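# A structural walkthrough
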Amino acid sequence: MTDRDFSSFVRDVRKRAHVSFRELSDSAGVSNPYLQGERGVRRPSGAVLRQLALALRVTTPIMYLRANLTSENGSATPLAIATDRELTSKQKQTLAEMYEAFCSENERGSAK
């Protein structure tokens, strides 16, 4: 998937949710310039993908999959969760939320 495909995905989800660009920026807690990723200018980091997923009410693994986030450019864990055929949707969401909590905790710890 290209950056443009990811941008189209975010735009489509945002529009289906009837959320303006500014509303997405505010609810995701991400600045407008950083959200230029929606327009194909920049691909968001894993942390921003998590915030966008929450704001757009989609699962984080879906965002990681659509952003083509792999072990080369980020953690492979969300991708592994999203593509595991043995897990139910609820289990995937729970695991993704646990993983996100650990990542957030680590980000807070490294900021000190």
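Quantities reported herein were computed from a predicted structural model and do not represent experimental measurements.

### Quick notes on the environment of Met63
Tracing the sequence through the fold places Met63 in helix 4 (residues 60-66). For Met63, a relative accessible area of 1% puts it in the buried group. In sequence terms Met63 and Val10 are 53 residues apart; their C-alpha atoms lie 8.6 Å from each other.

### Here we look at helix 6 (residues 89-110)
Its 22 residues place the ends of helix 6 31 Å apart at the C-alpha level, agreeing with the 32 Å of an ideal helix rising 1.5 Å per residue. Here helix 6 has its buried residues at Lys92, Ala96, Tyr99, Glu100 and Cys103. In a view along the axis of helix 6, the buried residues occupy a sector of 105°, so they form one face of it. Exposed side chains of helix 6 directed beyond 90 degrees from the buried face belong to Lys90 and Arg108. Looking at the buried positions of helix 6, the neighbouring elements they touch are helix 3 (46-56), helix 4 and helix 5 (77-83).

### Quick word on a nonpolar patch on the surface
On the surface, a cluster of nonpolar side chains totalling about 290 Å² of accessible area is made up of Leu95, Met98 and Phe102. The residue Met98 is located in helix 6 in this model.

### Topic: the environment of Tyr64
Its location among the elements puts Tyr64 in helix 4. As a C-alpha pair, Tyr64 and Ala76 span twelve residues in sequence and 9.1 Å in three-dimensional space.

### A word on the nonpolar core
Residues Phe6, Val10, Leu24, Leu52 and Met63 are the most contacted members of the largest nonpolar core, which totals 19 residues. Secondary-structure elements contributing two or more residues to this core are helix 1 (3-16), helix 2 (21-28), helix 3 and helix 4. It is helix 3 that contributes the most residues to this core, six residues altogether.

What counts and how
- Residues numbered from 1 in each chain as written.
- Predicted model: local features only at pLDDT ≥ 70, side-chain atom pairs only at ≥ 80, totals over all residues.
- Heavy atoms only, no water.
- Helix = DSSP H or I, 4+ residues; strand = E, 2+ residues; numbered from the N terminus.
- Buried < 20%, exposed > 50% of the residue type's maximum accessible area, 1.4 Å probe, protein only.
- Expected span 1.5 Å × (residues − 1).
- Arc of directions from axis to C-beta.
- Contact = heavy atoms within 4.5 Å.
- Patch = residues over 30% accessible without salt bridge, like charges linked within 9 Å, V, L, I, M, F, W, Y side chains within 5 Å.
- Areas by Shrake-Rupley, 256 points an atom, 1.4 Å probe, with all protein chains shown as cover.
- Salt bridge = Lys/Arg side-chain N within 4 Å of Asp/Glu carboxyl O.
- Core = buried A, V, L, I, M, F, W, Y, C linked by side-chain atoms within 4.5 Å.

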